[in-house]
Amino acid sequence: SSTGYPSEPVVVAVPPPTFKDNGTPGPRLMIDNTMGVGSDKARLHACIAIMNLSCGKSNKIEITSVKQILEAMRDVMLGRHFSSSPRDSSSSSRSSSNVADEARLKATTCIKNLSNADANDAALLGTPGLVETLGYVAEATCHPRSGATTCTTHACLALMNLSISKANKNRVFRTPGVMDALMAVITRTAPRTASAMEPTNPKDPNFEARVKACSALSNLAIGYDNKIPMFNYPGFVESILTVIRTDKAEARTKACSILWSFAAEMKNQVPVVQRGDILPALVSVAKEDTKTEARFKCVAALTLLAESPENAVPLLRAGSLEPLMNVLQEAGPDPTQWRGQTASWCVGFLMNMAQCDDVVPALLQEGIVDLLAPLLSLDHYQSLKAAMAVTFVCQYDTGDKTYNLLRQTENVIPKIVGLLHNTLSGRGGSGYKYGVFTLRSSVGCIASLAAGPDFMKERIATNPVFESLLKVVEDFCVDGGTPGAIVGGGKDDTRSVTLAVRALSLLVGHLIPEPHCAAMPFGPAMDDQLITALRSFETNTHLEIDTNMRKLAHEARIRVEGGKNLHGHHKDSVSSDSSPDDLSDDGGGIGLSLARRFFPFPCGMNLHVPSDPTPSVAALPLPMKGDNMEVSDDAASDASNGGDGSAVRTFLLTDARTGRRFAVPCDPAGGRQFNDNRLWCFRRGRYCNEGEVPDSNFLWSEELQVAYKMALNGNVTDSNTTSSQC
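A.B. asks: How should the overall build of the protein chain be read in this particular structure?
C.D. replies: Looking only at helices and strands, the protein chain features 32 helices and 5 strands. Buried residues in the protein chain amount to 55% of all 726 residues. Counted over contacts in the protein chain with a minimum sequence separation of 6, partners at least 24 positions apart contribute 71%. Accessible surface, the protein chain as shown: approximately 31,600 Å² in total, 51% of it carbon and sulfur.

Here is the structure:
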């Protein structure tokens, strides 16, 4: 229909169950070999007595332990051994009740009472045909015209109780007739007039039965093994959407919770949106319902659906952005004052949507950055999601405003790194539970940071980050890969591994800007793991891995392999499948050129071309006061001893943007012999001794090179940018 809602769903009648000891109607042979001669009323009163006893808390387990009682209650619910059968859903709505109907109500109530004790689950589920009978009674006592009865409510309540335990969910779902029965109840009890949208009497049998049936279905939908088959169960989604369309009370909230459960399964996310009828319902409730928990459930479902990049554009077109941003605006900038979890889910929605490049322009146009900016400076869980969202939408913008925003996210970077580590380790972190974030979110954020300005790269080019990214790649392809987790990862998660390889490529390029002129700072063991993982990715044949990604992995691997030689390895330590072309200086590498041999720093002076959107010293005639580079004479010092025991006099060159002070030699040659391959460390102010590597946080740039040359030539005259006298 034009509203996106389905027509009335088709209801399937539930036949009486069959089971091994079904027996035959008639007198029953008793244990003492006498024939049961009790009348219909006698059986009714026996059911009443047992029902009353089952109300006592201490009696529930005692009664359930008697197998014959459970079987007898089942038989009464089926109407066996009565002179006339109880009514069912095909009976006339005007027919009067009989003794069998009354006895069925008492027996059903008794089972409902017994199901209130969790300890009774095994015995109740183990009684042949009992769960099937509960489903049959729920449908049989809910007439298509007159609706539900108290017996319907009690049967649904018993099924609800039995579906609470995690271990029971799939067992109850697979029980023949249960799904059809519960679907029949929520459909037959749906209000049929416009006035029915008004508040309903909680004592109305239709209201109670619909709530209990939706609660049972909601319990079942939580089951991990049930999410996909329930979503695909014929007519089920239509039944749930009928409740959402016709109910404004608790049943609607339960129905929305079911859609939330469907969205929590990654394999359901794209099919849920592709159906075309679920998304309009979720957006409608998010817009209109401000009084119940239904909006919260729908916002959560929309947030989870946004985890799949394929859904971002359909979600945007469905109008989901407006109601969620309105919720966030109404909640205010202080998350400690937020009521409930709806606003928190809205931040997560924006974070997920921001990961799709196709919708970023729309997000920026709607003011997502201004909306989230107040959260960036807070020491709060929400700042983590806000920083990730801002990082995603700003990764292609190099303006001053964006640069300042990214600067505000610096304090959140350790939390992002911790999130990635915890997700891979299968545990929660401060303020969130495991499973809240998909793996691709944290890996994608690291990839966005790696594509950002230099100060971002410096903050994440660390051993823990490399270890986490390495694990993503290893889990995908090394030795056949591993099974994925609820948050993704493993051999089937091409999205996460693509982002991980992209991040590794960027960070390796940051640490080794030119091939074969620097080494990774994390040691040979990490080098070997990276080489193995990247090579495995290059040769992986998964259809969703394209040539460009394999090329990025190849280039990163070649840089890591080339760096191993600079650690003092022999040439034959380079992997056997590396060709001479891999190790050449073509493509801009300066290799062991005269420039590198003359200049003592790794990769000569051209370590990295900064991406920070700030004025370059190279464009200025002199580094004057207020410029970004500062040469200081207050820390001129005698250098630490190098590996050969000779002293190298140094002075400090300060980068005003990062505050880092680079210890550089007064003599450009640094006193090093032409055949000395040791690397200079700008933090230590000397050449690295054997077994040491330069501090990766102190990376040289063209701006520093210009300032350094000016200082050596005596061109710095301002008091704030003076050089020491060597």
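A.B. asks: Explanation requested: the side chain of aspartate 247 in the structure shown.
C.D. replies: Mapped onto the fold, aspartate 247 is located in the loop between α12 (236–246) and α13 (250–263). Assessed through its relative accessible area of 3%, aspartate 247 is described here as buried. A polar contact is formed between the side chain of aspartate 247 and the backbone nitrogen of alanine 249, at a distance of 2.5 Å.

A.B. asks: What is the right way to look at the confidence of the model for the protein chain in this model?
C.D. replies: Close reading of the predicted structure is inappropriate where its pLDDT is low. Summarising the model, the protein chain shows a mean pLDDT of 80, and 77% of its residues fall at 70 or more. Note that residues 1–6 has pLDDT below 50 and, in this model, 11 contacts with residues that lie over four places away or in other chains. This stretch, residues 569–645, has a pLDDT under 50; its non-local contacts, to residues over four places away or in other chains, come to 191 contacts.

A.B. asks: What should I look at first to understand a nonpolar patch on the surface in this one?
C.D. replies: Among the surface-exposed residues, Tyr224, Tyr434 and Ile486 lie close enough to one another that they form a single nonpolar patch of about 310 Å² accessible area. Mapped onto the secondary structure, isoleucine 486 falls in the loop between α27 (463–477) and α28 (494–511). Judged by relative accessible area, isoleucine 486 falls into the partly exposed class, the value being 47%.

A.B. asks: Help me understand the nonpolar core, please; the structure alone is not making it clear to me.
C.D. replies: Here is a general trend for soluble globular proteins: nonpolar side chains tend to be buried in one another's company. Ranked by internal contacts, the top residues of the largest apolar core, which has 179 residues, are Phe262, Leu372, Ile446, Phe466, Leu469 and Phe537. Per-element tally for this core: the top contributor is helix α22 (residues 381–394), with 10 residues. The contacts of isoleucine 446, once residues within four sequence positions are left out, are Ile416, Val417, Leu420, Ile460, Val465, Leu469 and Ala503. Listed in part, the 15 residues of the second largest apolar core include Leu653, Val664, Trp680 and Phe698.

A.B. asks: Just checking my understanding: could you explain helix α29 (residues 524–538) for this structure?
C.D. replies: Side chains three or four residues apart in an α-helix point the same way, a direct result of the helix having 3.6 residues per turn. In this model α29 runs 21 Å from its N-terminal to its C-terminal C-alpha over 15 residues, within 8% of the 21 Å that 1.5 Å per residue would give. Within α29 the residues assigned to the buried category are Met526, Asp527, Leu530, Ile531, Ala533, Leu534, Ser536, Phe537 and Glu538.

A.B. asks: Help me understand the environment of glycine 509, please; the structure alone is not making it clear to me.
C.D. replies: Note on placement: glycine 509 falls in helix α28. Given a relative accessible area of 18%, glycine 509 falls into the buried group.

A.B. asks: Teacher, can you tell me more about unusual backbone geometry here?
C.D. replies: Most of the time, phi is negative for any residue but glycine, and the peptide bond is trans. Here the phi dihedral of histidine 81 falls at roughly 70°; this positive angle occurs in a residue that is not glycine. Positionally, histidine 81 belongs in the loop between α3 (67–78) and α4 (99–115). Residue histidine 81 is classed as buried on the basis of its relative accessible area, which comes to 17%. The backbone phi angle of aspartate 479 is positive, close to 55°, even though this residue is not glycine. Relative to the helices and strands, aspartate 479 is located in the loop between α27 and α28. Using a relative accessible area of 78% as the deciding quantity, one classes aspartate 479 as exposed.

A.B. asks: Would you mind showing me how to read the pattern of salt bridges here?
C.D. replies: Where charged atoms from two side chains of opposite charge come close, those side chains can pair. Counted by the stated rule, this structure contains 15 salt bridges. Here glutamate 238 and arginine 275 are joined by a salt bridge, their closest N and O atoms 3.4 Å apart. With a gap of 37 residues between them, glutamate 238 in helix α12 and arginine 275 in helix α14 (residues 266–275) connect regions that are remote in the sequence. The class of glutamate 238 is partly exposed, set by a relative accessible area of 23%. Of the charged contacts in the structure, one is a salt bridge between glutamate 561 and arginine 535, with a shortest N-O distance of 3.5 Å. One end of the pair, glutamate 561, is in helix α30 (residues 547–566); the other, arginine 535, is in helix α29, and 26 residues separate them in sequence. On the basis of relative accessibility, which here comes to 24%, the residue arginine 535 falls in the partly exposed class. Within this structure, Arg535, Glu538, Arg557 and Glu561 form a network of salt bridges that share partners.

A.B. asks: For this particular structure, what's the right way to read α3?
C.D. replies: With 12 residues, α3 extends 17 Å between its outermost C-alpha atoms, agreeing within 8% with the 16 Å of an ideal straight helix rising 1.5 Å per residue. Within α3, 9 of the 12 residues are buried, leaving the element largely enclosed by the surrounding structure. The inward-facing, buried residues of α3 contact α1 (40–53), α2 (59–64), α4, α5 (121–126) and α6 (130–140). Positive backbone phi, approximately 80°, marks glycine 79, located one or two places after α3.

A.B. asks: Looking at this structure, I do not really get the pairing of strand β2 (residues 650–655). What am I missing?
C.D. replies: The side chains of a regular strand alternate between the sheet's two faces. A large share of β2 lies buried, amounting to 6 of its 6 residues. Neither face of β2 is open: one carries Thr650, Leu652 and Thr654, the other Phe651, Leu653 and Asp655, and all of them are buried. The sheet contact formed by β2 and strand β3 (residues 661–665) spans 5 bridges and is antiparallel. If you follow threonine 654 over to β3, its bridge partner there is arginine 661.

A.B. asks: Help me out: how do you make sense of the packing of aromatic side chains in this one?
C.D. replies: Centre distance and the angle of the planes are the two values used to describe a pair of aromatic rings. Tallied over the entire structure, the rule returns 15 aromatic pairs. Pairing phenylalanine 236 with phenylalanine 262 gives two aromatic rings, centres 6.1 Å apart and planes at 75°, and the pair type is edge-to-face. With phenylalanine 236 in helix α12 and phenylalanine 262 in helix α13, this pair connects stretches of sequence that are 26 residues apart. With relative accessibility at 0%, the residue phenylalanine 236 sits in the buried group. On the basis of relative accessibility, which here comes to 1%, the residue phenylalanine 262 falls in the buried class. Taking the ring centre of phenylalanine 82 as reference, the NZ or CZ of arginine 43 above it sits at 4.6 Å.

A.B. asks: Sorry, what's going on with the environment of leucine 372 here?
C.D. replies: Inspection of the secondary structure puts leucine 372 in helix α21 (residues 368–376). The exposure class of leucine 372 is buried, given its relative accessible area of 0%. Sequence separation between leucine 372 and proline 333 is 39 residues, and the spatial gap between their C-alpha atoms is 8.1 Å.

A.B. asks: Help me understand the state of the cysteines in this model?
C.D. replies: Covalently bonding the sulfur atom of one cysteine to the sulfur atom of another cysteine gives a disulfide. Applying the stated rule across the entire model yields 0 disulfides. Take cysteine 142: it sits in no disulfide, and the sulfur closest to it among the cysteines is that of cysteine 156, at 7.7 Å. Sulfur of cysteine 688: no disulfide; nearest cysteine sulfur belongs to cysteine 681 and is 5.1 Å away. Accessibility expressed as a relative area gives 4% for cysteine 688, which makes it buried.

A.B. asks: Hey, could you run me through the packing of helix α9 (residues 178–188) against α12 in this one?
C.D. replies: For any two helices packed against each other, the geometry comes down to the angle between their axes and how far apart the axes lie. As a packed pair, α9 and α12 sit with axes 9 Å apart at the nearest point and diverge in direction by 30°. Considering their axes alone, α9 and α12 lie roughly parallel with respect to each other. Like other packed secondary-structure pairs, α9 and α12 cross with a definite hand, here left-handed. Residues Met179, Met183, Ile186 and Thr187 of α9 form the contact with α12, whose participating residues are Phe236, Ser239, Ile240 and Val243.

A.B. asks: Sorry if this is basic, but what is going on with the side chain of threonine 391 here?
C.D. replies: Considering the arrangement of structural elements, one finds threonine 391 in helix α22. For threonine 391, a relative accessible area of 2% puts it in the buried group. When sequence neighbours within four positions are dropped, the list of residues in contact with threonine 391 reads Leu406, Cys445, Ser448 and Leu449.

Criteria and thresholds
- Residues numbered from 1 in each chain as written.
- Predicted model: local features only at pLDDT ≥ 70, side-chain atom pairs only at ≥ 80, totals over all residues.
- Heavy atoms only, no water.
- Helix = DSSP H or I, 4+ residues; strand = E, 2+ residues; numbered from the N terminus.
- Buried < 20%, exposed > 50% of the residue type's maximum accessible area, 1.4 Å probe, protein only.
- Contact = heavy atoms within 4.5 Å.
- Areas by Shrake-Rupley, 256 points an atom, 1.4 Å probe, with all protein chains shown as cover.
- Polar contact = N/O pair within 3.5 Å; in protein donor to acceptor, adjacent residues only side chain to side chain.
- pLDDT = per-residue confidence, 0-100.
- Patch = residues over 30% accessible without salt bridge, like charges linked within 9 Å, V, L, I, M, F, W, Y side chains within 5 Å.
- Salt bridge = Lys/Arg side-chain N within 4 Å of Asp/Glu carboxyl O.
- Core = buried A, V, L, I, M, F, W, Y, C linked by side-chain atoms within 4.5 Å.
- Expected span 1.5 Å × (residues − 1).
- Pairing = 2+ DSSP bridges.
- Phe/Tyr/Trp six-rings, centres within 6.5 Å; stacked < 30°, edge-to-face > 60°.
- Lys NZ or Arg CZ within 6 Å of the ring centre and 35° of its normal.
- Disulfide = S-S within 2.5 Å.
- Axes fitted to C-alpha atoms, helices over the stretch in contact; angles between N-to-C directions.
- Parallel < 35°, antiparallel > 145°, perpendicular 65-115°, else oblique.
- Left-handed = near helix turned anticlockwise from the far one by under 90°.

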